[in-house]
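# Summary of the model geometry
These are the residues of each chain, in order.
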Amino acid sequence: MRPIAEGLFTDETSPRLVGGRNRETGRIVFPCPSGKDYEPYPLGRQGTIWSYTIQRYRPKSPPYAGPDDFRPWPVAYIELPGEVIVEGRLTNVEFDAIRIGMPVELTFMPLDPAKPDSVMIYAFQPIGDKQ
Amino acid sequence: MSDVCIVGVGIHPFGRTDGVSGLDQGVFAVREAMKDAGVEWEDLQFAYGASDAAGNPDTMVDRLGLTGMQFINVRNGCAAGGSALFSAQMAIKSGEFELGLAVGFDKHPRGAFNAMPAEYNLPEWYGEAGYMITTQFFANKIMRYMHLNGISQTTLGRVAEKAFRNAVHAPHAWRREPVDIDTILNAPLVSDPYTKYMFCSPAEGGVALLLASEKKARELGKPLVRLKAATMRTRPPGSFEVFAPSVDIERGGSATNIASRDAFRLSGIGPEDISVAQLQDTEAGAEIMHMAENGFCKDGDQERWLAEGLTEIGGKLPVNTDGGCLACGEPIGASGLRQVYENVVQLRGDGGGRQVPNNPKTAYSHVYGAPGVSAVTILER
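Below: a short report on this structure.

Parameters and conventions
- Residues numbered from 1 in each chain as written.
- Chains lettered and ligands numbered in written order.
- Predicted model: local features only at pLDDT ≥ 70, side-chain atom pairs only at ≥ 80, totals over all residues.
- Heavy atoms only, no water.
- Helix = DSSP H or I, 4+ residues; strand = E, 2+ residues; numbered from the N terminus.
- Rg over C-alpha atoms; globule rule 2.2 N^0.38 Å.
- Buried < 20%, exposed > 50% of the residue type's maximum accessible area, 1.4 Å probe, protein only.
- Contact = heavy atoms within 4.5 Å.
- Pairing = 2+ DSSP bridges.
- Axes fitted to C-alpha atoms, helices over the stretch in contact; angles between N-to-C directions.
- Salt bridge = Lys/Arg side-chain N within 4 Å of Asp/Glu carboxyl O.
- Buried area = accessible area lost by both parts, 1.4 Å probe.
- Polar contact = N/O pair within 3.5 Å; in protein donor to acceptor, adjacent residues only side chain to side chain.
- Nonpolar A, V, L, I, M, F, W, Y, C, P; charged D, E, K, R; others polar.

### Examining the overall build of chain B
Counting secondary structure elements, chain B contains 13 helices and 12 strands. A compact globule built from 381 residues should have a C-alpha radius of gyration of about 21 Å, and chain B, at 19 Å, falls within 12% of that. Dimensions of chain B, computed from C-alpha atoms along their principal axes, come out at roughly 55 × 50 × 40 Å. Put simply, chain B has 381 residues, and 63% of those count as buried. For chain B, contacts bridging at least 24 residues in sequence account for 74% of all contacts bridging at least 6.

Structure, rendered in structure tokens:
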């Protein structure tokens, strides 16, 4: 797959998000900042929904690089236990079924589903709802 | 030490004014403020000007007069106006000057703000994936807050309904037609739980405030409106801010908490002493959260406060008496100064149909913005 950015996902069969761990304080952030204070730190793949909303209008381009044909998508903050809360889309879930506290896991999806060579973005989906 | 006083206020109506540049709206506001104070441009010793998207404020000397005065431009996100006001206050407090100007204006294109990742030190992918959206953050923040504190969507609707109702009586406001709560709640969602009436829009407008030493203010013979505190603060660890790809699990306070706490300390009064407040309401939930973040109520109490009308014009703490950002729109450079303008109007008793009853003595203003900045003022008459 072609990730939306270099160094954002680990290079393994089930990729993980690459966060950053502060070498002094241990604080974990996402994505991994440049510079020497943080070392790359692969994040856990499972967490719970901390908050969410539905993006119901097409973001302006630039910077948005998604398809012109816009369909609303949910965007959430996911608490990865013991690590950090990360922002990302939700997928494979009905809008009405989304709840704070819902267990979710990391997955990947094309930014433009109509394009075979689309870059891939990360997202989260309800656990047990595999494609 | 003697207080710095606000001796003149002027405003160019907010909203959309085709054919008039942001700068000219600022110039209009300055002329109104000079008329109000009874001074001439030649009398002013310095100016601080705030604009985010409408050009360099100091170019207004072309229009107002080439007197050689000191004119410093301020660009500080949503806190730009507050920063200009703070700086103007310090210029007088230091003893350097007796009379000067804080002015803010802006003119934004229609639609949501279009931020670029690089401006916020973020990677390009964050924008490409569709996350450089202020409304997304605001919606996520209130969704979490509602979950934790039992705030209903109806309460968000009440905030918007109050804004449009108050704005009917504010000549400088943009949206001056009342909108009933059913219309607000049943309107299309922009970012859940917010409908289109619950977000403010980028807009245009200009505000000017003339500041003077207490001695100079007495000479001018104006009613003394004292600037008891003006603070601008940045975020503490663990805060949740606009454009945040990640958030710490260990939650902290906010820039608002710090700006508010320090303003109360400087002024020597507390939240219970405030007669009227203008709180940043770029969306309906912001007013709700900022009521608590500024210390006016506990988290969750807002549900009852709004149901009982405690923040109405005649309530215990009138909030956003001119309709706030929801009804006035948000020209970034001018927005924070509009709040102070409205507070001066209220303290002078010039509010007309939106006047807070019983001669308010103290007034509070608060802005919040990206990437985690806040500015607060406290006025006393």
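### A short note on the side chain of B:Ser335
Looking at the secondary structure, you find B:Ser335 in helix 13 (residues 332–348). Among the residues examined, B:Ser335 registers a relative accessible area of 2% and is labelled buried.

### Some words on the pairing of strand 1 (residues 18–22) of chain A
Residue and element names in this part refer to chain A. Most of strand 1 is tucked away: four of the five residues are buried. In this structure, strand 1 lies alongside strand 2 (residues 28–29), joined through two bridges in antiparallel fashion. Residue pairing in the sheet places Arg-21 in a bridge with Ile-28 of strand 2. Taken together, strand 1 and the strand that follows it, strand 2, pair antiparallel across an intervening segment of five residues, in which Gly-26 is found at a positive phi of about 80°.

### A word on the sheet that holds strand 10 (residues 276–279) of chain B
All names here are of chain B. As summarised here, the arrangement of the nine strands in space is 3-2-4-7-1-8-12-11-10, forming an open sheet in which the pairing is mixed. What marks the edges here is a single partner per strand, and that holds for strand 3 (70–74) and strand 10. Geometrically, the sheet is characterised by an average inter-axis angle of 20° between neighbouring strands, direction not taken into account. When strand 1 (residues 4–15) meets strand 8 (residues 226–234), the two strands line up antiparallel, connected through two bridges. Each residue of the ladder has a partner; that of Cys-5, found in strand 8, is Arg-226. Sitting on the sheet, helix 1 (residues 22–37) touches strand 1, strand 4 (99–107) and strand 7 (204–213), and the angle it makes with strand 1 is about 140°. Each of strand 1, strand 2 (46–50), strand 3, strand 4, strand 7, strand 8 and strand 12 (373–380) is contacted by helix 3 (residues 80–93), which is oriented at about 165° to strand 2, the strand it contacts most.

### A short note on the pattern of salt bridges
Residues and elements named next belong to chain B. For the structure on display, the rule yields 29 salt bridges over all chains. Taking the shortest distance from any N to any O, the salt bridge between Arg-75 and Asp-52 comes out at 3.9 Å. Pair noted here: Arg-75 is in the loop between strand 3 and helix 3 and Asp-52 is in the loop between strand 2 and helix 2 (61–64), with a separation of 23 residues, a long-range link. Overall, Arg-75 belongs to the exposed group, its relative accessible area being 62%. Residue classification places Asp-52 among the partly exposed positions, given a relative accessible area of 24%. Ionic contacts of the salt-bridge type, sharing partners, join the residues Asp-3, Glu-214, Arg-218, Arg-226 and Lys-228 into one network.

### As for the sheet that holds strand 3 (residues 38–42) of chain A
If you trace the three strands from one edge of the open sheet to the other, you get 2-1-3 (chain A), paired in antiparallel fashion. Edge positions in the open sheet fall to strand 2 and strand 3 of chain A, since each of these has one partner strand only.

### Quick word on the interface of chain B and chain A
Taken together, the 36 residues of chain B in the interface contact 42 residues of chain A. When chain B packs against chain A, the two sides together hide about 3,300 Å² of surface, and 58% of this comes from carbon and sulfur. Counting across the interface, chain B meets chain A through two salt bridges. A salt bridge links B:Asp192 to A:Arg56, with the nearest nitrogen and oxygen atoms 2.6 Å apart. Linking chain B with chain A are 19 residue pairs in polar contact (both at pLDDT 80 or more), by the criterion used here. Sorting the residues of the side of chain B that touches chain A by element identifies helix 4 (124–128), helix 5 (134–149), strand 5 (189–191) and strand 9 (246–247) of chain B as the ones contributing at least two each. With seven residues, the single largest contributor to the side of chain B that touches chain A is helix 5 of chain B. Looking at side-chain class alone, the side of chain B that touches chain A contains 20 nonpolar, 10 polar and six charged residues. With two bridges connecting them, strand 6 (residues 84–90) of chain A and strand 9 of chain B associate as antiparallel partners. Looking at the pairing, A:Val86 lines up with B:Ser246 of strand 9 of chain B.

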